[in-house]
Amino acid sequence: MADYILAIDQGTTSSRAIIFDKAGSIVSTGQLEHEQIFPKAGWVEHDAAEIWRNTGEVIGQALGKVNLTRHDIAAVGITNQRETAVVWDKNTGEPVYNAIVWQDTRTQSIVDRLAADGGVERFKAKVGLPLATYFSGTKIVWILENVEGAREKAEAGDLLFGTTDSWVLWNLTGGVDGGVHATDVTNASRTMFMDLETLQWDDEILAAFGVPKSMLPEIRSSSEVYGIANEHSLLRETPIAGILGDQQAATFGQAAFEAGEAKNTYGTGNFLIFNTGEEIIHSKNGLLTTVGYKLGDQPVHYALEGSIAVTGSLIQWLRDNLGLISSASEVEELAKSVDDNGGAYFVPAFSGLFAPYWRPDARGALVGLTRYVNKGHIARAALEAIAFQTRDVVEAVNADAGIDLTELRVDGGATSNDTLLQFQADILGVPVVRPVVAETTALGAAYAAGLAVGFWSGLDDLAKNWQEDKRWEPSMDEAERERLDRSWKKAVSKTLDWVDEDVA
Ligand SMILES: Nc1ncnc2c1ncn2[C@@H]1O[C@H](COP(=O)(O)OP(=O)(O)O)[C@@H](O)[C@H]1O
Ligand SMILES: O=P(O)(O)OC[C@H](O)CO
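- In the annotation of an unreviewed UniProt entry, the protein chain is listed under the name Glycerol kinase and assigned to Agromyces aureus.
- Its UniProt record gives the protein chain a comment under Function (unreviewed entry), which states: "Key enzyme in the regulation of glycerol uptake and metabolism. Catalyzes the phosphorylation of glycerol to yield sn-glycerol 3-phosphate."

## A word on the site of ligand 1
Piece 1. Taken together, the neighbourhood of ligand 1 is formed by 16 residues, with T13, T268, G312, G413 and N417 sitting nearest.
Piece 2. Between an oxygen atom of ligand 1 and a main-chain N or O atom of G312, the distance comes to 2.8 Å.
Piece 3. One of the side-chain nitrogen or oxygen atoms of N417 is found 3.0 Å away from a nitrogen atom of ligand 1.
Piece 4. Coverage of ligand 1 by the protein chains reaches 84% of its 580 Å² of free accessible surface.
Piece 5. At four residues, helix 10 (residues 312–320) tops the list of elements feeding residues into the shell around ligand 1.
Piece 6. Along the lines of polarity and charge, the residues of the shell around ligand 1 split into four nonpolar, eleven polar and one charged.

## A few points about the nonpolar core
Piece 1. Counting residues in each nonpolar core, the largest one holds 106 residues, and the members touching the most others are Y134, M192, F193, F209, V211 and M215.
Piece 2. The greatest single-element share of this core, amounting to 13 residues, is contributed by helix 12 (residues 375–401).
Piece 3. Setting aside chain neighbours within four positions, we find F209 in contact with L114, F123, L131, G137, T138, V141, M192 and F193.
Piece 4. Ranked by size, the runner-up nonpolar core spans 29 residues in total, among them A74, A255, V433 and V437.

## Side note on the UniProt feature "domain: Carbohydrate kinase FGGY C-terminal" (unreviewed entry) in the protein chain
Piece 1. UniProt records the feature "domain: Carbohydrate kinase FGGY C-terminal" (unreviewed entry) for residues 263–452 in the present numbering.
Piece 2. Along residues 263–452 one finds 35% helix and 21% strand; the C-alpha atoms at either end are 24 Å apart.

## Here's the deal with helix 10
Piece 1. Along helix 10, the residues that are buried comprise G312, S313, L314, I315 and L318.
Piece 2. Where the residues of helix 10 are buried, they touch helix 11 (330–336), strand 17 (345–347) and helix 12.

## A short note on the site of ligand 2
Piece 1. Around ligand 2 sit G11, T12, Q81, R82, E83, W102, Y134, D246, Q247, T268 and F271, and that is every residue in its neighbourhood.
Piece 2. A distance of 2.9 Å separates an oxygen atom of ligand 2 from a polar side-chain atom of R82.
Piece 3. Surface burial for ligand 2 is 92%, taken as the share of its 310 Å² of free accessible area covered by protein chains.
Piece 4. Across the shell around ligand 2, the residue classes break down as three nonpolar, five polar and three charged.

## A look at helix 2 (residues 108–115)
Piece 1. For helix 2, the full list of buried residues reads I110, V111, L114 and A115. Looking straight down helix 2, one finds that the buried residues subtend no more than 130 degrees of arc, so they occupy a single side.
Piece 2. Structurally, helix 2 contributes buried residues whose contacts are with helix 4 (136–146) and helix 8 (203–209).

## Considerations on the pattern of salt bridges
Piece 1. Under the counting rule described, the total for this entry stands at 37 salt bridges.
Piece 2. Two residues, R190 and E305, come together in a salt bridge whose shortest N-O distance is 2.9 Å. Of this pair, R190 sits in the loop between helix 7 (185–188) and helix 8 while E305 sits in strand 16 (residues 301–308); the two residues are 115 residues apart in sequence, bridging distant segments of the chain.
Piece 3. The buried category is assigned to E305, whose relative accessible area is 0%.

## What about the side chain of T390?
Piece 1. Mapped onto the elements, T390 comes out in helix 12.
Piece 2. Under the relative-accessibility criterion, T390 is labelled buried at 0%.

## Looking at the sheet that holds strand 15 (residues 288–293)
Piece 1. Read across the sheet, seven strands follow the order 15-16-14-13-19-20-21 without closing on themselves; strand pairing throughout is mixed. Every other strand in the sheet has two partners, leaving strand 15 and strand 21 (468–472) as the edge strands with one partner each. For this sheet the average axis-to-axis angle between neighbouring strands, irrespective of direction, equals 30 degrees.
Piece 2. Sheet analysis places strand 14 (residues 270–277) next to strand 16, joined by seven bridges and oriented antiparallel. For F274, the partnering residue across the bridge sits in strand 16 and is L304.

Rules used in this analysis
- Here, residues in each chain are numbered from 1, in the same order as that chain's written sequence.
- Chains and ligands are labelled sequentially in the order written, the chains with letters from A and the ligands with numbers from 1.
- Under the rules for a predicted model, residues below a pLDDT of 70 receive no local features and side-chain atom pairs below 80 are neither given nor counted, while totals for whole chains, interfaces and linings still include all residues.
- The side-chain values count all of the structure's non-hydrogen atoms but skip hydrogen atoms and water molecules.
- UniProt positions are given in the numbering used here, feature names are shortened, and annotations may be inferred rather than shown by experiment.
- Whether a residue is near a molecule or strand is decided by its heavy atoms; if any one of them lies within 4 Å of it, the residue is near.
- Here a polar contact is recorded for every N or O atom pair within 3.5 Å, except that within protein the pair must consist of a potential hydrogen donor and a potential acceptor, and residues adjacent in sequence are included only if both atoms are side-chain atoms.
- The method behind every accessible area is Shrake-Rupley, applied with a 1.4 Å probe, and residues are considered shielded solely by the protein chains displayed.
- Helical segments are the DSSP runs of H or I of at least four residues, strand segments are the runs of E of at least two, and each set is numbered from the N terminus.
- Each residue is assigned to one class: nonpolar for Ala, Val, Leu, Ile, Met, Phe, Trp, Tyr, Cys and Pro, charged for Asp, Glu, Lys and Arg, and polar for all the others, Gly among them.
- Among buried residues, those of type Ala, Val, Leu, Ile, Met, Phe, Trp, Tyr and Cys that are joined through side-chain atoms within 4.5 Å constitute a nonpolar core.
- Only protein chains enter the accessibility calculation, which uses a 1.4 Å probe; a residue is then buried when its area is under 20% of its type maximum, exposed when over 50%, and partly exposed in between.
- The criterion used for residue contact is that any of the two residues' heavy atoms lie within 4.5 Å.
- Read the arc as the range of directions from the helix axis to the C-beta atoms.
- Within this document, salt bridges are pairs made up of a side-chain nitrogen of Lys or Arg and a carboxyl oxygen of Asp or Glu, the two lying within 4 Å of each other.
- Criterion used throughout: strands pair if DSSP finds at least two bridges between them.
- Interaxial angles span 0 to 180 degrees and are taken between N-to-C directions of axes, which are lines fitted to C-alpha atoms, for helices over the stretch in contact.

As structure tokens, this is what we get:
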């Protein structure tokens, strides 16, 4: 068998191809950012055609850097930004509209319309999710209602929907020439349409949304052969054998296979996933119930998730909108120029607040300002906001699962920030631990693909690849921790009830 697995990580800010060896070590990487399109306040789009072009290029970069060819690749795994909706014409392969990104809030009026009959929890018992702009379902409805001719074409069976895993898979396996239209259970669980028990599309919910079932991909497991790369790809004839939404992939890549294990990823947003094994737990504390993974015919694993919309993107905002720093990594030095937050708290409710609050009416606020506060304090407050929001979701996990999380496994781009992770340990009061391979998202997809083709023999084979790189121990005293968190929660309360009904 070939010696490597290639993972495609189609993320919010970039697409990557990463080649792994049997030890789970990175052999080569290709990466390209794509344009973030903000046509109006609250709207976030990507050009799906650019994403597919970039995917092809990064595969070439990753193979080319180490002089490997498709013959060296045993299988391909795909992981992706979840919820981002692409709708395309199956006859031309052209998207009918830009991809509507998970952060986009334009569908609030569709959410309100659907919630008028039964509230935002209307479908929660079946799908584990409240009605919210975050999930793909209302984004599809928006396209059907606002793109000329889309409804008619969809009803004639000419349009396909997919999250970006399906979009990449369909194109990689041939597109208009017989591309495979499928997704995995983890991505399907983010649409609002999949019944968590049956793992099938739910006809009643589809009818309520007015979405034709013919648009939807087939729901498959996270680890099986979906198809082979077509002749136009550098990977031609290589099996595509793993698909996981990026947060579930990171959980898998962190080897959190068992109930009670968790990880927290620090990327554009933060996403804490807590594995609940074969049990579906419905949150009473603002978490989502979602699918963790399903390997072939084996039983499905469920999870609780705390999704935070704005964390790393707040650092990008300091860079791009305020010009306070010129690169994300500079935020640490600026934050270290002061001893504490100087009384300032930054609540980045740019897309409303996600878990555990779910308040679309919230908007961002920087509170506690005095003449004393300088840009160092603002940088510090931004980093602290990432950690406070994480504490909010950890509290919810502890309450739902009836446990006290004893340590937090972390990964993602912002975990290179020592100051952030020390404050995270301090404000949680438990150690924070980072593995050697911080690219756990791609690794998780590689694992799923490798298991399907026998490259790895089983979960034990994978668990032994996990190695601790660094650990941050809490050093703040309890009284201080609680005092800071009290102020944080007060700051959150100041952001609520901001958006009036007559303002989009
Ligand atoms: N040193 C740092 N401190 C804080 N945030 C950082 C740092 N380096 C990168 N980031 C943030 O991490 C995010 C990128 O992480 P990544 O895991 O690549 O994200 P994604 O998968 O969401 O595209 C960006 O939003 C960036 O602002
Ligand atoms: O691409 P990321 O890492 O920002 O992840 C996005 C999430 O999947 C959104 O739910």
